[in-house]
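Descriptive structure summary
The lines below spell out each chain.
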Amino acid sequence: MYNGEKLNPKQFIEESIAQIKEQVGGDTVVLGLSGGVDSTVTALLVDKAIGHKLVCIFVDHGLLRKNEFEEVLAHYEGMGLNVIGVRAADRFFAACKGITDPELKRKAIGKTFIDVFADEARKVKDAKWLAQGTIWPDIAESFSDKGTIKSHHNVGGLPEDLGFELVEPLKYLYKFEVREVGAALGLNAHFLGRHPFPGPGLGVRCLGELTPERIHILQEADAVFIDALRREGLYDKIWQAAVVLLPVRSTGIKDGRRSFDNVVALRAVNSVDAVTAEVVTLPVEFLIKVAQEIVAQVDGVNRVVYDVTPKPPATIEWE
Ligand code: XMP
């Protein structure tokens, strides 16, 4: 097993497959796919070990990027994974109604995820194991000796009464190592190069109450930023980019009239393991162009700012 030395992806894959086979025997395993690299690589490893005894569940919590659920689901099916797509946005918005505190929000999303996931997993006959894409920084940050910084919801959030035992083949790896393993498993470059995306999704980038209307505004602004990064060849040079919808409104002028609308913040950081992160110095001309596009194309936004704070002291996500 991986012991902290330079990872040999092929060897890691072989050893993981053998270990998963030994661990789960002939049992059925369920796994929550998120669209991210970690859960996808976990799914591919378990799929290699036990094939269709792995049942993947991909939940649309309504907090994914624009069109992401449909695109990623099609991609998973194309990879030959045994995957069930579940649309559950209404349940998440209902659970988060009225909540503005970031940790309570994260907990409401985490709990609803478990409820939705459990409802689906119970339908899977004889499921005994739960595979998770937990990686080392998730564990390190959730149980830091200075107290919990954020309750990342794939750590410690699983109630024991679900009755599953855990399979976590990536739990001693860093993100860059997960990508190396993904590449060795044949995951395509577009998928592998996707920026990390938090489990609670846009929920932790929509400050204040989560409503379908506010998430829609955020999805639209996010799509403009991400498309522009790809168009200008900047996306692959950045570790993680995000748009954050702020809980304030500002005065502006739109179509010659006074507007009093939302403000979004753009964030782009480089990092190795998410434990620290530095701000990407995007060209000012690029930022001004993106701001113009967002304000012109996204109803309800009249101001765009750029976050220039490294981690620490700020975290990558605003909540
Ligand atoms: P922070 O904001 O703590 O983020 O600097 C570090 C990395 O973790 C991601 N992140 C999360 N991932 N559940 C997740 O699965 C969460 O609740 C969560 N919060 C933050 C974040 O996107 C960044 O890559």
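Definitions and cut-offs
- Residues numbered from 1 in each chain as written.
- Predicted model: local features only at pLDDT ≥ 70, side-chain atom pairs only at ≥ 80, totals over all residues.
- Heavy atoms only, no water.
- Phe/Tyr/Trp six-rings, centres within 6.5 Å; stacked < 30°, edge-to-face > 60°.
- Lys NZ or Arg CZ within 6 Å of the ring centre and 35° of its normal.
- Helix = DSSP H or I, 4+ residues; strand = E, 2+ residues; numbered from the N terminus.
- Expected span 1.5 Å × (residues − 1).
- Polar contact = N/O pair within 3.5 Å; in protein donor to acceptor, adjacent residues only side chain to side chain.
- Pairing = 2+ DSSP bridges.
- Buried < 20%, exposed > 50% of the residue type's maximum accessible area, 1.4 Å probe, protein only.
- Contact = heavy atoms within 4.5 Å.

Description of the packing of aromatic side chains
Evaluation of the coordinates by the stated rule reveals six aromatic pairs. Three or more aromatic residues joined by ring pairs make a cluster, and in this case those are F58, F69, Y76 and F191. One residue, R230, lies across the ring of Y235, its end atom 3.8 Å from the ring centre.

Some remarks on helix 5 (residues 102–122)
Taking 1.5 Å per residue as the helical rise, helix 5 with its 21 residues ought to reach 30 Å, and the 30 Å between its terminal C-alpha atoms agrees with that figure. Of the residues flanking the start of helix 5, the one acting as N-cap is D101, its side-chain oxygen 3.1 Å from the backbone nitrogen of E103.

Points about the pairing of strand 3 (residues 83–87)
One ladder, built from five bridges, connects strand 2 (residues 54–60) with strand 3; its direction is parallel. Across the sheet, the residue bridging to F58 is G85, located in strand 3.

Some words on the environment of Q23
Note that Q23 resides in helix 1 (residues 9–24). Owing to a relative accessible area of 35%, Q23 belongs among the partly exposed residues under this scheme. Residues Q23 and L166, 143 residues apart in the sequence, show an inter-C-alpha distance of 9.7 Å. Non-local contacts of Q23, meaning those with residues more than four positions away in its chain, are made with W129, L166 and V167.

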